[in-house]
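In case you want the letters, here they are:
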Amino acid sequence: MKRLKVVFLFTPGPIGGAEKIILHGLEALRDEIQDLELWILKEEKVFEVTHQFLKLVERVGVNYRVYTLNSAVDLNILRELREDFREHCPDIVHTHGMKAAVYGKLTANSSAKFVISHHAASTSSFKDKFYESIEKIILKKADAVITPSDGLKEELVRAHIPTEKLFVVENLLTAKIRQYINRSLPRLRLVYAGKLSAKKKISDLIEAIQRTNAELLLIGEGEERPFLEKKVEELKLNHRVKFLGFKKDVSPYLTHTHALVLMPTEKETPPTFVEASCMGIPVIKIQEEDGCDSILEKIRDFEERQDTLIEEAQRKKSDFIDRFSPKKWAQNILDIYVTTLSVEK
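Anyway, here's the lowdown on the structure attached to this text. Keep in mind that this is a model prediction, so the values were computed, not measured. (Residues numbered from 1 in each chain as written. Predicted model: local features only at pLDDT ≥ 70, side-chain atom pairs only at ≥ 80, totals over all residues. Heavy atoms only, no water.)

**A closer look at the pattern of salt bridges**
In step 1: Evaluation of the coordinates by the stated rule reveals 14 salt bridges.
In step 2: Residue R211 is joined to D293 by a salt bridge in which the shortest nitrogen-to-oxygen separation is 3.0 Å. Separated by 82 residues along the polypeptide, R211 in the loop between α7 (202-210) and β9 (215-219) and D293 in helix α11 (residues 292-323) bring together distant segments of the chain.
In step 3: Between R305 and D301 there is a salt bridge, and its shortest N-O distance comes to 3.1 Å. (Salt bridge = Lys/Arg side-chain N within 4 Å of Asp/Glu carboxyl O. Helix = DSSP H or I, 4+ residues; strand = E, 2+ residues; numbered from the N terminus.)

Set out below in structure tokens:
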């Protein structure tokens, strides 16, 4: 196979799941592809956010370029990107995020295969809805579309994206694997990490906690937080339900818990599930149809069988470490590139 030339196009936000996946993924992919560059679309109004990301990129050691956007559709940057793609002439243009997909499709060299990594929308702002509506059109014109879950793939099939262009590559492990040390805890402790929204059934989870002796740590922010804090106060659970806010690294909290609570409506594998599974921490999965009573039943079942479930999770962690390893992610991405390049335009 000839030497591949690949350009990743990405618009970073505050350091979170997508940014960590790009950083760790590119570091692993660099070992497979020598001619690899990251082209960053920097939004001028969030300069500090991009500055933090660039510091991490420099540590990874991937070649990069920066394009500063001064408007939602920056015509100067479109021209600059078009010229740079024509000059650089990559074999693969791989975009991550809605804005990158739009800019990439409008400017990539015609000889390149156009690959989109598609994730669930994280916000519902007007700007994001605008880019999302355009991305749906662009997805149909891509040579390959990569999603992190079967659920998102099914959504794209329903949106009439050709099945032969769809690939599933799960999110990779982006955190250091810490030692799991829960044995010293005086009572059952559960952790939820994610957005505090009504869709997540956190209110039902809190009501279930009231009927146990367990502790609950809530990591994250969201529009539901004031309502949930009021509920905790009304139920007199302040000593057992703690709001910890947003945390860049949740692994220190996972090491001192008995189980991670995974709430419904997750369209892709949450980073906390990846981290917990690779640490050998059991996961209590809440389904869409579960109410307070069924959540309570799952908590009690876990409490009764926790030693067995913890031992089982510890036995399986090496399988999860292999499943979510950056090296495996990079190999899966490379296989998609090869497959896509074998199909004539």
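After that view of the structure, there is still more to cover.
**Focus on the sheet that holds strand β11 (residues 259-262)**
In step 1: Across the sheet, 5 strands lie side by side as β10-β9-β8-β11-β12; this open sheet has parallel pairing. At either margin of the open sheet sits one strand with a lone partner, and together these are β10 (241-245) and β12 (283-285). Going from strand to strand, the sheet's axes swing by 25° on average, the running direction of each strand aside.
In step 2: Pairing geometry for strand β8 (residues 189-193) and β9, over 5 bridges, is parallel. Along β9, the bridge assignment pairs Y192 with L218. (Pairing = 2+ DSSP bridges. Axes fitted to C-alpha atoms, helices over the stretch in contact; angles between N-to-C directions.)

**So, the nonpolar core**
In step 1: Membership of the largest hydrophobic core comes to 33 residues, with the highest contact counts inside it found for V6, F8, L29, I33, L38, F53 and Y337.
In step 2: Elements that contribute at least two residues to this core include exactly β1 (5-10), α1 (17-29), β2 (35-43), α2 (47-60), β6 (144-147) and α12 (326-341).
In step 3: Residues contacting V6, with those up to four places away along its chain left out, are I33, D35, L36, E37, I92 and Y337.
In step 4: One finds I209, L237, I295 and F302 within the second-largest nonpolar core, a separate group that totals 28 residues. (Core = buried A, V, L, I, M, F, W, Y, C linked by side-chain atoms within 4.5 Å. Buried < 20%, exposed > 50% of the residue type's maximum accessible area, 1.4 Å probe, protein only. Contact = heavy atoms within 4.5 Å.)

**Considering the sheet that holds strand β3 (residues 63-69)**
In step 1: Taken together, the 7 strands give an open sheet; going across it, the order is β3-β2-β1-β4-β5-β6-β7, and neighbouring strands pair in parallel fashion. The open sheet has two edge strands with one neighbour each: β3 and β7 (166-168). Ignoring which end each strand starts from, the neighbouring axes of this sheet average 20° apart.
In step 2: As judged from the 7 bridges shared by β2 and β3, these two strands associate in the parallel manner.

**Description of the packing of α7 against helix α8 (residues 225-234)**
In step 1: Between α7 and α8, whose axes approach to 10 Å, the crossing angle comes to 15°. Taken together, the axes of α7 and α8 lie roughly parallel to each other. The way α7 lies across α8 gives a crossing that is right-handed. Within the contact between the two elements, α7 uses I202, S203, I206 and E207 and α8 uses F227, L228, K231 and V232.
In step 2: Residues that form the contact of α7 with α8 fall into these classes: 5 nonpolar, 1 polar and 2 charged. (Parallel < 35°, antiparallel > 145°, perpendicular 65-115°, else oblique. Left-handed = near helix turned anticlockwise from the far one by under 90°. Nonpolar A, V, L, I, M, F, W, Y, C, P; charged D, E, K, R; others polar.)

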